[in-house]
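Here is how the chains run, residue by residue.
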Amino acid sequence: DVKVTQSSRYLVKRTGEKVFLECVQDMDHENMFWYRQDPGLGLRLIYFSYDVKMKEKGDIPEGYSVSREKKERFSLILESASTNQTSMYLCASRERLSNTEAFFGQGTRLTVV
Amino acid sequence: AQSVAQPEDQVNVAEGNPLTVKCTYSVSGNPYLFWYVQYPNRGLQFLLKYITGDNLVKGSYGFEAEFNKSQTSFHLKKPSALVSDSALYFCAVRPFYDMRFGAGTRLTVKP
C-alpha cells in the first residue's frame, strides 16, 4: 500500500516563526501536493510539484513556499507564520498518469498563536 | 476553470436507508472525477473514480457513483447506509496535474 507520511500530527507555533511541514511518500510518485483544509471551504491547493525541483502555484500560494529536492519528499514552508495560517494541512501524492487517484497523509493541524 | 460543487453542506439519513451525496462538475473536455471520504482527524481516503466507460462506478465500502454527462453530475450513492458511514465526503476533479475539490458534505447516519 502507498504510504504518505507527514512529520507531525499537531504543531503549535508562534506568530512570525518560520515553519516547516514535511511530507514523505514511499511509492516513487512523480506528483506531490499540499492542500489546506478549512471548514466550509474544503481543500484548497497551495502548491504542487510534478517532478524533483519543479513546482507550480496552486490557488492560495501567498505566504507559503515549497521545496522538493528529492522525489520522495515535499516540504511546505511558512516563511513567517501568521494566525490566519492556522489550519489543517494535507499532503498528497499521485502517479504521473492522468487517471490515477491521489493518496493522502494523515494531516498536520497547525495552530499559530 | 475546471471545478466541482457540492450543493449540500449536510446530509442526514437513517441507518438502512439509501443515501445520496450530490456533486456537479464544470469541466472542459472529458472529466476525471473522484470521491474521497474523511473520518475525524484523518487524511482523505479514496472511494472511487470515473475515467471513462460505464456510467455507474462501484467503489469501496459498498459505495457507487453515477456519472451523468447531460446533467454534469457525479452523485455518490449507497443502497443501505451504516452508522459507520458518517464522515465528511469530498468530490474532486482532475484538470491536469492538479486536483480540485468541492467544499465537502458531512454525512450523518442515525441509528
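Every value quoted in this text rests on a predicted model; they were computed, and no experiment measured them.

S.K.: Is there a simple way to explain the overall build of chain A in this structure?
M.R.: Within chain A, the secondary structure is distributed over zero helices and 11 strands. Relative to its length of 113 residues, chain A is compact, with a C-alpha radius of gyration of 13 Å against a globular reference of 13 Å. When the backbone C-alpha atoms are referred to their principal axes, chain A occupies close to 40 × 30 × 25 Å. Looking at chain A residue by residue over its 113 residues, the buried ones come to 51%. Contacts spanning at least 24 positions in sequence make up 55% of the contacts within chain A whose residues lie at least 6 apart. Both charge centroids of chain A, one from 17 positive and one from 16 negative side chains, sit 5 Å from each other.

S.K.: What should I look at first to understand the pairing of strand S11 (residues 108-112) of chain A in this one?
M.R.: When a strand is regular, its side chains alternate between the sheet's two faces. Residue and element names in this part refer to chain A. With burial as the criterion, only one face of S11 is covered, namely that bearing Thr108, Leu110 and Val112; the residues Arg109 and Thr111 on the opposite face remain uncovered. Bridge analysis of strand S2 (residues 10-13) against S11 gives four bridges, and the strand direction is parallel. In the strand pairing of S11, Lys13 is matched with Val112.

S.K.: Where do I start with the sheet that holds strand S3 (residues 19-25) of chain A in this structure?
M.R.: What holds strands together in a sheet is hydrogen bonding between their backbones, with the strands either parallel or antiparallel. Residue and element names in this part refer to chain A. Across the sheet, four strands lie side by side as S1-S3-S8-S7; this open sheet has antiparallel pairing. With one partner strand each, in any of the chains shown, strand S1 (4-6) and strand S7 (64-70) form the two edges of the open sheet. Each strand axis lies, on average, 20° off the axis of its neighbour in the sheet, ignoring direction. Where S1 meets S3, three bridges bridge the pair, whose relative direction is antiparallel. If you follow Thr5 over to S3, its bridge partner there is Val24.

S.K.: Before we go on, may I ask you to explain the environment of Thr83(A) in this structure?
M.R.: Residue and element names in this part refer to chain A. Along the polypeptide, Thr83 turns up in the loop between strand S8 (73-78) and strand S9 (87-94). With 46 residues separating them in the primary sequence, Thr83 and Gln37 have C-alpha atoms 15 Å apart. In this view, Thr83 contacts Thr15 and Val112; residues no more than four positions away in its chain are not counted.

S.K.: What's the story with the interface of chain B and chain A in this structure? I'm lost.
M.R.: Interface size is commonly expressed as the accessible area that is lost once the parts come together. Each partner contributes residues to the interface: chain B has 22 residues there, and chain A has 27 residues. Taking both partners together, chain B and chain A bury about 1,900 Å²; carbon and sulfur atoms supply 53% of that area. The interface formed by chain B and chain A includes two salt bridges. Taking the shortest distance from any N to any O, the salt bridge between Lys49(B) and Glu101(A) comes out at 3.0 Å. For the pair chain B and chain A, the number of links is six residue pairs in polar contact (both at pLDDT 80 or more). Elements with a contribution of two residues or more to the side of chain B that touches chain A: strand S5 (33-38), strand S6 (44-50), strand S10 (87-93) and strand S11 (100-101) of chain B.

S.K.: Would you mind showing me how to read the state of the cysteines here?
M.R.: Think of a disulfide as a covalent bridge from one cysteine sulfur atom to another cysteine sulfur atom. Residues and elements named next belong to chain A. Under the criterion given, the structure shown has two disulfides over all chains. Put simply, Cys23 and Cys91 are joined by a disulfide, and their sulfur atoms are 1.9 Å apart. Residues Cys23 and Cys91 are joined by a disulfide whose S-S torsion is about -75°; by sign, that bridge is left-handed. Residue Cys23 is found in strand S3, and its partner Cys91 is found in strand S9; the two are separated by 68 residues along the sequence. The residues Cys23 and Cys91 share a single accessibility class, namely buried.

S.K.: Help me understand unusual backbone geometry, please; the structure alone is not making it clear to me.
M.R.: Residues and elements named next belong to chain B. The backbone of Tyr61 shows a phi angle near 55°, a positive value even though the residue is not glycine. With respect to the secondary-structure elements, Tyr61 resides in the loop between strand S7 (56-58) and strand S8 (64-68). Notably, Thr72 is not glycine yet its phi reads approximately 45°, a positive angle. One can find Thr72 in the loop between S8 and strand S9 (73-78).

Each value, and the rule that gives it
- Think of each chain on its own: its residues are numbered from 1, step by step along the sequence as written.
- Each chain takes a letter, starting from A, and each ligand takes a number, starting from 1, following the order in which they are written.
- Local features in this predicted model are restricted to residues of pLDDT 70 or higher, and side-chain atom pairs are both shown and tallied only at a pLDDT of 80 or more, whereas totals for entire chains, interfaces and linings draw on every residue.
- Excluding hydrogens and water, the side-chain figures rest on all heavy atoms present in the structure.
- Counting from the N terminus, the helices are the DSSP runs of H or I reaching at least four residues and the strands are the DSSP runs of E reaching at least two.
- Based on C-alpha atoms, the radius of gyration is set beside the globule rule, defined as 2.2 Å times the residue count to the power 0.38.
- Exposed residues in this analysis have more than 50% of their type's maximum accessible area, buried residues have under 20%, and partly exposed residues fall in between, with area computed by a 1.4 Å probe over protein chains only.
- Whether two residues touch is decided by their heavy atoms; if any such pair falls within 4.5 Å, the residues are in contact.
- By the counting scheme adopted, Arg and Lys are positive, Glu and Asp are negative, and His together with the chain ends is not counted.
- For this purpose, a charge sits on NZ of Lys, CZ of Arg, CG of Asp or CD of Glu.
- Paired strands, in this sense, are two strands between which DSSP finds at least two bridges.
- Angles here are taken between N-to-C directions and fall from 0 to 180 degrees, while the axes themselves are lines fitted to C-alpha atoms, restricted in helices to the stretch in contact.
- What counts as buried area is the accessible surface, traced by a 1.4 Å probe, that two parts surrender upon association, with contributions from both included.
- Criterion for a salt bridge: a side-chain nitrogen of Lys or Arg within 4 Å of a carboxyl oxygen of Asp or Glu.
- For the purposes of these results, a polar contact is taken to be a pair of N or O atoms within 3.5 Å, where, inside protein, one atom must be able to donate a hydrogen and its partner to accept one; residues adjacent in sequence count only when each atom of the pair is a side-chain atom.
- Only a pair of cysteine sulfur atoms within 2.5 Å qualifies as a disulfide here.

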